[in-house]
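Below, each chain spelled out in residue letters.
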Amino acid sequence: MRTTESLRIRLEKLADPQHYLFSTGDFSVLFPQKTPTALMVMLGRAVKNGSLERVCRGYYIYPRTAYPKDLLLFHLAARMRADYFCYLSLETVLSENGIISQIPLGCITLMTSGRSGVISCGRFGRIEFTHTKKTPASIGHLLTYDFRYGLWRASTELALSDLRMTGREKLYEFI
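Nothing here was measured: the structure is a model prediction, and the numbers come from that model. (Residues numbered from 1 in each chain as written. Predicted model: local features only at pLDDT ≥ 70, side-chain atom pairs only at ≥ 80, totals over all residues. Heavy atoms only, no water.)

**Focus on unusual backbone geometry**
For L90, which is not glycine, the phi dihedral falls at a positive 50°. Turning to its location among the elements, L90 is positioned in helix α5 (residues 90-96). (Helix = DSSP H or I, 4+ residues; strand = E, 2+ residues; numbered from the N terminus.)

**Quick look at the pattern of salt bridges**
For the coordinates displayed, the defined rule picks out 9 salt bridges. The salt bridge partner of E96 is R153, with a shortest N-O separation of 2.7 Å. You can see E96 sitting in helix α5 and its partner R153 sitting in strand β9 (residues 151-154), a full 57 residues away along the chain. Note on E96: relative accessible area 40%, which makes it partly exposed. For R153, a relative accessible area of 13% corresponds to the buried category. Among the ionic pairs, D162 bridges to K134, the shortest N-O distance being 2.6 Å. Highlighted residues: D162 in helix α7 (residues 156-165) and K134 in the loop between β7 (126-131) and α6 (136-139), separated in sequence by 28 residues. Comparing D162 with K134 shows no difference in burial state: the two are buried. Salt bridges sharing common partners tie together E91, E128 and R168. (Salt bridge = Lys/Arg side-chain N within 4 Å of Asp/Glu carboxyl O. Buried < 20%, exposed > 50% of the residue type's maximum accessible area, 1.4 Å probe, protein only.)

**Considering the sheet that holds β7**
If you trace the 6 strands from one edge of the open sheet to the other, you get β6-β7-β5-β4-β9-β8, paired in mixed fashion. Edge strands, defined here as strands with exactly one partner in the open sheet, are β6 (117-120) and β8 (143-146). Pairs of neighbouring strands in the sheet enclose a mean axial angle of 35°, with direction left out of account. Where strand β5 (residues 107-112) meets β7, 6 bridges bridge the pair, whose relative direction is parallel. The residue of β7 that forms the bridge with T112 is H131. Each of β4 (86-88), β5, β7, β8 and β9 touches α7; the most contacted strand, β9, lies at about 80° to it. (Pairing = 2+ DSSP bridges. Axes fitted to C-alpha atoms, helices over the stretch in contact; angles between N-to-C directions. Contact = heavy atoms within 4.5 Å.)

This is the structure we're talking about:
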């Protein structure tokens, strides 16, 4: 059996609306006999034939699964920064709470103990991570866990503080 066919069969069994996002590391576990180069060739072929869709570097979705398209960026951010303190904040929280009139389309903003950066996710949008030195112990009372997104969420008070700390409050019209 061809490797791409084997990949498709495994994805058919594994993928569902809660498990539709796969990392390169997930595939290396599924195919331990493959070298890193052979694994990347296999994934490239799978993208080319439509078995997988690349979201961003190192992450793929299985497009035949009915996944929650509106939650993809949130789930991806949670996976990407699973080893760091990370929470939704800034424009994402302020827009959802009606504090700023601008609605960030196709972009989510998070604070993280990891490195700052913007991750382009092609047609899916982008994820913006901003570094913070704040610790869970110092702001835990201002966070709630959002099970739908799989991420911690800042209170309005904390999101406004983060916006001021980053110097971005001048960019927005407050309601």
